[in-house]
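Each chain, written out:
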Amino acid sequence: MEEKANAGAGTLTAGASTAFGGVAAGGLMCLLSMSSIQFGAALSSSAITTYGPAGASWLRLAFAAIILAVVVRPRIVSYNRAQWTSALVLGATTALMTMSFFAAIERIPLGLAVAVDFLGPLSVATIGYGLSRRLVWPLIAALGVLALAHDGEGWVGDIEGILFALGAGTGWAVYIVLTKKIGASFKGLEGLSLSLMVAALVATPFGFAGAVSALDGYGLIEMAGLAILVPLLPYTLELIALRRMPTTSFGILMSLEPAIAALAGFVILAQPMTLLQMAGTALVVAASAGATFSARQ
């Protein structure tokens, strides 16, 4: 009996250790994904200056679409009308969201842009439960955004930058809903590949002319690297992470994104933060984590 008990305890311990290892690995992948997204956005600053927000968006989407198409090889002629519809809508949303976000970080600090961006999916996640106490989370996040928008001497950025960030946040909220749908109707990464092709085509009228006229050999290499940083690497990491950890843990970890954006803005773009702005970032992170946690209860 004692031997059986010890064997059972050993099995439980090994299982717990494996589970913990899976969660730890998933958490690391989440952090790497967020870092890739936000440092990729910060590193896009020079590309935005050179090609404009629309041009930089088009180049990044075009390279991402080409790279993923070569890897995935989507079966273009095999998809039905419903699959094409979801891919077209998701692709158009991705293009508009990307161009809006790049236009925002051209005008306002990265940390502020990401915090405003977060209001979109956060509001949708809480309003979806009706008029309840969960509505406190978007309000806390909004207070955090106000703190981020003031550097102690005056308001940071401009109205246009805030509006573009709000547009990107709205696109992000729609993107989350559409991604769940497209993930269920396509195999593997075929849906993402098809939607990225659509996104590149949608962005072409806005960014092609400004980008091609300024593009050179260095720019080709730069934009290919940025396309890998966002969205190819983060999507792959998040997909693997979700297989290793609970959705709640994943959502809470992803709430750190505004803080990572602030760090990327400081390290790459030399955008310092006051104590008030740090407190604002903490409020946005806390609101996002709180909304994620309460939604699972």
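Definitions and cut-offs
- Residues numbered from 1 in each chain as written.
- Predicted model: local features only at pLDDT ≥ 70, side-chain atom pairs only at ≥ 80, totals over all residues.
- Heavy atoms only, no water.
- Helix = DSSP H or I, 4+ residues; strand = E, 2+ residues; numbered from the N terminus.
- Buried < 20%, exposed > 50% of the residue type's maximum accessible area, 1.4 Å probe, protein only.
- Contact = heavy atoms within 4.5 Å.
- Areas by Shrake-Rupley, 256 points an atom, 1.4 Å probe, with all protein chains shown as cover.
- Core = buried A, V, L, I, M, F, W, Y, C linked by side-chain atoms within 4.5 Å.
- Patch = residues over 30% accessible without salt bridge, like charges linked within 9 Å, V, L, I, M, F, W, Y side chains within 5 Å.
- Salt bridge = Lys/Arg side-chain N within 4 Å of Asp/Glu carboxyl O.
- Expected span 1.5 Å × (residues − 1).
- pLDDT = per-residue confidence, 0-100.
- Axes fitted to C-alpha atoms, helices over the stretch in contact; angles between N-to-C directions.
- Left-handed = near helix turned anticlockwise from the far one by under 90°.
- Phe/Tyr/Trp six-rings, centres within 6.5 Å; stacked < 30°, edge-to-face > 60°.

### What about the overall build of the protein chain?
Assigned secondary structure in the protein chain consists of 11 helices and 0 strands. Overall, the protein chain shows an N-to-C arrangement of helices and strands of α-α-α-α-α-α-α-α-α-α-α. Counting all 297 residues of the protein chain, 45% fall into the buried class. Of the contacts formed within the protein chain by residues at least 6 apart in sequence, a portion of 88% connects residues at least 24 apart. About 14,700 Å² of surface is accessible on the protein chain, with carbon and sulfur atoms providing 71% of the total.

### Considering the nonpolar core
Across soluble globular proteins, nonpolar side chains show a tendency to be buried alongside one another. Judged by nonpolar contacts, the single largest core of 53 residues is most densely connected at Phe-101, Ile-105, Leu-110 and Leu-196. A per-element tally of this core places helix 2 (residues 45–72) first, with 12 residues. Not counting residues within four places of it along the chain, the set of residues in contact with Leu-110 comprises Gln-38, Ala-41, Ala-42, Phe-101, Ile-105, Ala-261, Ala-264, Gly-265, Leu-269 and Gln-271. Core analysis: the second largest hydrophobic core is formed by 9 residues, Met-29, Met-34, Ala-241 and Met-254 among them.

### Topic: a nonpolar patch on the surface
A surface patch of nonpolar side chains, amounting to about 450 Å² of accessible area, comprises Leu-43, Leu-263, Phe-266, Val-267 and Ile-268. With 4 residues, helix 10 (residues 257–269) is the single largest residue contributor to the nonpolar patch. In this structure, Val-267 sits in helix 10. The exposure class of Val-267 is exposed, given its relative accessible area of 52%.

### Some details on helix 6 (residues 159–185)
In this model helix 6 runs 39 Å from its N-terminal to its C-terminal C-alpha over 27 residues, within 8% of the 39 Å that 1.5 Å per residue would give. Taken together, the buried positions of helix 6 are occupied by Gly-161, Ala-165, Ala-168, Gly-169, Gly-171, Trp-172, Ala-173, Leu-178, Thr-179 and Ile-182.

### Here's the deal with the confidence of the model for the protein chain
Averaged over the protein chain, the pLDDT score is 85; the fraction of residues at 70 or greater is 88%. The model gives residues 1–20 a pLDDT under 50, and that stretch makes 0 contacts with residues more than four places away or in other chains.

### Things to note about the packing of helix 2 against helix 7 (residues 190–212)
Remark: helix 2 packs on helix 7, axes separated minimally by 7 Å, with the N-to-C direction vectors making an angle of 145°. In the packing of helix 2 onto helix 7, the handedness of the crossing is left-handed.

### So, the packing of aromatic side chains
Considering all chains together, one arrives at 4 aromatic pairs under this definition. With a centroid separation of 6.4 Å and an interplanar angle of 75°, the aromatic rings of Tyr-79 and Trp-84 are classed as edge-to-face. Overall, the relative accessible area of 9% leaves Tyr-79 in the buried class. Judged by centre distance (5.0 Å) and plane angle (70°), the rings of Tyr-79 and Phe-186 are edge-to-face. With Tyr-79 in the loop between helix 2 and helix 3 (81–107) and Phe-186 in the loop between helix 6 and helix 7, this pair connects stretches of sequence that are 107 residues apart. For Phe-186, a relative accessible area of 6% gives the class buried. Taken together, the aromatic side chains of Tyr-79, Trp-84 and Phe-186 make up a single cluster linked through ring pairs.

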